Each structure stands twice: as structure tokens, then as C-alpha cells.
Amino acid sequence: MKILAIETSCDETSVAIVETTGSRIKPVFRVLSHLVSSQIAMHTRFGGVVPNLARREHERLLVPLFLKALREAGVIEISNIKYKISKLPGKNKNEIRDILHREGDLLAQFEKKIFSLPMPGIDVIAVTNGPGLAPALWVGVNFARALSHLWDIPLIPVNHMKGHLFSGLLQSGKEIDRYQISNVKFPLLGLLVSGGHTELVRMKKFGDYAIIGETLDDAVGEAFDKVARMLGLGYPGGPAIAAAAVRYQTAHTKKQDNALPVIKRFPRPMIGSKNFNFSFSGLKTSVLYFIRDLADKKSLRDLTPGIAKEFQDAAVDVLVAKTIRAIKEKDIRTLAVGGGVSANRLLSARLAQEVKIQCPQTELFIPHPSLTGDNALMIAVAAVMDGKKKTPNHVGVEANMRLSV
Ligand code: KG4
Ligand code: ZN
């Protein structure tokens, strides 16, 4: 089976074409093409993702990325095609125009470059339909619906967080383009940490999700982004904070302790609470007050690496403590981490250390560095492992979609 997967939930436009072989329970995923185009450079100027700009960029990029993916995957011979007037019946064209009527730029490119394409060897289309930014999600969903309609291929709507969960479980094979889902023992705990989510998800089996804890306010990635903005470190904040903290550590190893500026220890909100929920807004505010109360504003530049380190330590402490407690109390055998913040080295190192010491019966899975961020490969995998086919008219966007059974 060949799957075309599309991801446009935030600021990456991504298309993958993946072939599955092997058994249904243990499929092998062969990546025929996987393209991720990041809009980060564009949003950096605004200090965060601007939904309508993201939508415009997805509209602009999706058709060229899709054509490149088809070509790379070898599922269509595009170079020989002259873009001629399409032979599609008028009814079919009008229905597609209807689907894409709000995405004018995308429709224009679709009419010019896709109406006339021969049908490629694709069996199913997977698309992220939530959670995420509604204007951004609609571009991918409507594009997928239009293709599904044009070629009469079924559609699988995919929850973005399921994608992040499965990205942690992907194990690369001997050949670099092949992946398999690792053998996992249940119950499995997913620690999903991204720009919009911080969740602990318990799975008794694939397809059975129970959110046992989540953030009550800011997501952890959002807190990294907001603190980075306060420190003038730019967007996205996660990598910038992590890099600044490394600068502090390097200075620390070179100098005597007392030669470095002293920073306050920030609070670890809800670290001792009995439930598995999180809160990062108080931590963020604590950093804000620390900066506001600095007697000498000019010293902020010198203090920035230390503040970044203290903030990161506090955020990671809470994530690790709650996760370890959930593993113990819920008798968890596998911990799978996913989402943009899983790229954080301190988080992965601390989890590895604590799992080894405190929960040696539990196996830890962290995504390959190329798959921590948003990507279409994880959407293809989630569709195969746990997706349901639908007709295009039954697929819409759910910007606040939650993981459920
Ligand atoms: O999963 P993702 O790419 O997009 C969403 O679904 O939100 O996650 C993006 C988030 C951003 O908040 C970004 O700052 C954070 O992941 N992030 C990190 C790191 N790399 C990305 N946070 C901490 N440390 C990192 N190294
Ligand atoms: Zn994401």
C-alpha cells in the first residue's frame, strides 16, 4: 500500500509518500519521499507563528512540494507531462473548485498543475485534521479532500498528537529509508510535549488513549517560546533557550562558581501535586518578574544564559518528576516521548537517567532528531497504525481535537 501524507497544522508544510509492506500488526514503512518545508524564518520576525501567514505559506508551498514528492517517490512521471487543458468532466472540476474555494492561491495552482496529472500509484491519503491552527489545518485538509475527490482515493484524517506519539516508536532499519514500529510492552505512557500540548497519555493497546494529565495553562513549548521572547532570544524559543543554557554550562566549567552571576531558582509548579497535570504559566511569570525587578537592566544580557538554564532546569524537573511518578503508579512498561520539546537534550538525558534508576522495567523511546518536529511521515505512520478511512465530504478540521479512544 502506498500512502500520501500531508501535514500543515502549524508552521511546517510537509508531504510524505510511504510504502507499507509486511504484516498489518508489524508493518514496514519504506519512505519513498519525505519533504518538510519550515516557515520558521518567516515567523521569526513576528516572534511567533502568525496563523494567516502560515495559511498563505502552506497554500503557496503545498503544490510544488507535492509534485516534488511524487517525482522523488517515482509514483508518477512528471517531467514528461505537458500541462494541457484537462479532460476532467466539468462536474468533477466544479466540485473541486467548491472544496478549494477559500484557498484561492492553492486552487489556481491545482487547476494549472494537478487537474491534468495522470493518476499516481497512491492507495490512500492521510492528512492532519487537528489539533492545530485552524487556517493552517484547512489548507492541508482541503488539498487532501480535493485530491481524494479527483482520483477517488480514500482519506484518513489523523490526530497530530497521535503522529507525535508514533514518531517516538519508529525504529530505523538497516536500510536508511525503512522504519518499523518498535516492539513495545503495554501499558505505554506517552509524554507529548509540543508548542500547543503537554500531555501524559496512557495506552493499554494501540488505539486506546486515556489522557491522565495535561497542562492547565501554557504548554511547555509555549513557555520556552515566551521566556525566549522575554530574553530577546527569538523564535522558536526551545532551541534558543537550550543553546543559551549550554553557554552557561560551558562558562561554568571554565570559571569558578562564584565568578558567574547568581540567578534565582525558579519554582517547579505542581511538582508535588497528586494528579498528573502541569502548569507552566507561573514559572513563566516568575521569570518575567525576575527580569522586571533587575536593578540594572543592562545586566540582562549577561544574565540571559543563567536565566535560560534555570528556567530549563525547572521545566524539565517538573516533566521528569510527573512522568516518573506516572510510570510507577500506573505500572507503565514503555515510555514514548514525542513533540517538538522532545528535541531538548536535557529532557531526554534526565528521562533516560531517571527511568534507568527508578523504573528499570520500563523502556524509553525518544524520536530520532529528524522526527521530533512536525512532519508528514509520522502522520502516515499514525494513519496506518490507527486510522479510519473516510470519504472526503466527511473530513473537516477540529482545531482543538483531543486524543480519545
Ligand atoms: O511539535 P512541534 O514542532 O509543533 C507543535 O505541534 O507545536 O513543537 C514546537 C515546540 C516549540 O514550542 C519549540 O520551541 C519547541 O517545540 N522546541 C523545543 C526544542 N526544540 C523545539 N523546546 C525545548 N527544547 C528544544 N530543543
Ligand atoms: Zn507538533
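Note that the coordinates shown come from a computational prediction; the quantities given were computed from them, not determined experimentally.

**Considerations on the nonpolar core**
Item 1. The biggest cluster of nonpolar side chains holds 44 residues, and the ones touching the most others in it are Ile-307 and Phe-311.
Item 2. Those elements giving two or more residues to this core turn out to be strand 8 (188-193), helix 7 (220-230), helix 8 (237-254), helix 9 (281-292), helix 10 (300-329), strand 11 (334-338) and helix 11 (345-358).
Item 3. Residues within four places of Ile-307 in sequence aside, it is in contact with Leu-231, Ile-263, Phe-266, Val-287, Phe-290, Ile-291 and Leu-300.

**What to know about the side chain of Gln-109**
Item 1. Looking at the secondary structure, you find Gln-109 in helix 4 (residues 104-113).
Item 2. Residue Gln-109 is classed as buried on the basis of its relative accessible area of 18%.
Item 3. A polar atom in the side chain of Gln-109 sits 3.4 Å from the backbone oxygen of Arg-60.

**So, the packing of aromatic side chains**
Item 1. Inspection of every chain in the model, using the stated rule, returns nine aromatic pairs.
Item 2. On the numbers, 5.4 Å between centres and 85° between planes, the contact of Phe-66 with Phe-143 is edge-to-face. One end of the pair, Phe-66, is in helix 2 (residues 51-73); the other, Phe-143, is in helix 5 (residues 134-151), and 77 residues separate them in sequence. Judged on exposure class, the residue Phe-66 and its partner Phe-143 are both buried.
Item 3. Each residue in the set Phe-66, Phe-110, Phe-115, Phe-143 and Trp-151 is aromatic and connected to the rest through ring pairs, giving one cluster.
Item 4. Of note, Arg-102 hangs over the ring of Trp-138, and the distance from its end group to the ring centre comes to 5.9 Å.

**Some words on the environment of Thr-334**
Item 1. Checked against the element boundaries, Thr-334 lands in strand 11.
Item 2. In this structure Thr-334 touches Val-184, Lys-185, Pro-187, Leu-188, Leu-189, Thr-362, Glu-363 and Phe-365, once residues within four positions along its chain are discounted.
Item 3. Separated by 2.6 Å, the side chain of Thr-334 and the backbone oxygen of Lys-185 make a polar contact.

**Things to note about the coordination of the zinc ion (ligand 2)**
Octahedral metal centres with six donors ideally show angles of 90 or 180 degrees, and tetrahedral centres with four donors ideally show 109.5 degrees.
Item 1. Listed as protein donors to the zinc ion (ligand 2) are His-160 (NE2), His-164 (NE2) and Asp-374 (OD); their distances from the metal cover 2.0 to 2.1 Å.
Item 2. Considered as a linear motif, the donors of the zinc ion (ligand 2) on their single chain read H-x3-H-x209-D. Here His-160, found in helix 6 (residues 160-169), pairs with Asp-374, found in the loop between strand 12 (363-365) and helix 12 (376-386); they are 214 residues apart in sequence, far enough to count as distant. Judged on exposure class, the residue His-160 and its partner Asp-374 are both buried.

**So, the sheet that holds strand 9 (residues 198-203)**
Item 1. Pairing in this open sheet of five strands is mixed, and the strands run 10-9-8-11-12 from one edge to the other. Looking at strand neighbours, the two that pair on one side only are strand 10 (209-214) and strand 12, the edges of this open sheet. Taken over all neighbouring pairs, the strand axes of this sheet differ in orientation by 20° on average, direction set aside.
Item 2. As paired strands, strand 8 and strand 11 are joined by five bridges and run parallel to one another. What sits directly across from Gly-190, in strand 11, is Ala-336.
Item 3. Where helix 11 meets the sheet, its contacts fall on strand 8, strand 11 and strand 12, and the angle it forms with strand 11 comes to roughly 175°.

**Details of the site of ligand 1**
Item 1. Contacts to ligand 1 come from 19 residues, most closely from Gly-195, Asp-225, Gly-238, Gly-340 and Asn-344.
Item 2. Measuring from an oxygen atom of ligand 1, one finds a side-chain N or O atom of His-160 at 3.1 Å.
Item 3. Residue Gly-340 places a main-chain N or O atom 2.9 Å away from an oxygen atom belonging to ligand 1.
Item 4. Out of a free accessible area of 560 Å², ligand 1 has 87% covered by protein chains.
Item 5. Of all the elements in the fold, those that place two or more residues in the shell around ligand 1 are helix 6, helix 7 and helix 8.
Item 6. Tallied by class, the residues present in the shell around ligand 1 amount to five nonpolar, 12 polar and two charged.

**Let's talk about the packing of helix 7 against helix 9**
Item 1. Where helix 7 contacts helix 9, the two axes come as close as 10 Å, and the packing angle between them is 5°. Here helix 7 is positioned roughly parallel relative to helix 9, judged by the angle of their axes. Touching Lys-226, Val-227 and Met-230 of helix 7 are Lys-284, Val-287, Leu-288 and Ile-291, all from helix 9.
Item 2. Here the contact of helix 7 with helix 9 is built from residues that sort into five nonpolar, no polar and two charged.

**Digging into helix 5**
Item 1. Across its 18 residues, helix 5 extends 26 Å between first and last C-alpha, which sits within 8% of the 26 Å expected from 1.5 Å per residue.
Item 2. In the segment just after helix 5, Asp-152 is the residue with positive phi, at about 55°.

**Remarks on the confidence of the model for the protein**
Item 1. Mean pLDDT for the protein: 93, with 95% of residues reaching 70 or above.
Item 2. Under a pLDDT of 50 for its full length, residues 80-85 has, in the predicted model, eight contacts with residues more than four places off or in other chains.

About the criteria used
Residues numbered from 1 in each chain as written. Chains lettered and ligands numbered in written order. Predicted model: local features only at pLDDT ≥ 70, side-chain atom pairs only at ≥ 80, totals over all residues. Heavy atoms only, no water. Core = buried A, V, L, I, M, F, W, Y, C linked by side-chain atoms within 4.5 Å. Buried < 20%, exposed > 50% of the residue type's maximum accessible area, 1.4 Å probe, protein only. Helix = DSSP H or I, 4+ residues; strand = E, 2+ residues; numbered from the N terminus. Contact = heavy atoms within 4.5 Å. Polar contact = N/O pair within 3.5 Å; in protein donor to acceptor, adjacent residues only side chain to side chain. Phe/Tyr/Trp six-rings, centres within 6.5 Å; stacked < 30°, edge-to-face > 60°. Lys NZ or Arg CZ within 6 Å of the ring centre and 35° of its normal. Donors = N, O, S within 2.8 Å, 3.2 Å for Na, K, Ca; no water. Pairing = 2+ DSSP bridges. Axes fitted to C-alpha atoms, helices over the stretch in contact; angles between N-to-C directions. Near = heavy atom within 4 Å. Areas by Shrake-Rupley, 256 points an atom, 1.4 Å probe, with all protein chains shown as cover. Nonpolar A, V, L, I, M, F, W, Y, C, P; charged D, E, K, R; others polar. Parallel < 35°, antiparallel > 145°, perpendicular 65-115°, else oblique. Expected span 1.5 Å × (residues − 1). pLDDT = per-residue confidence, 0-100.

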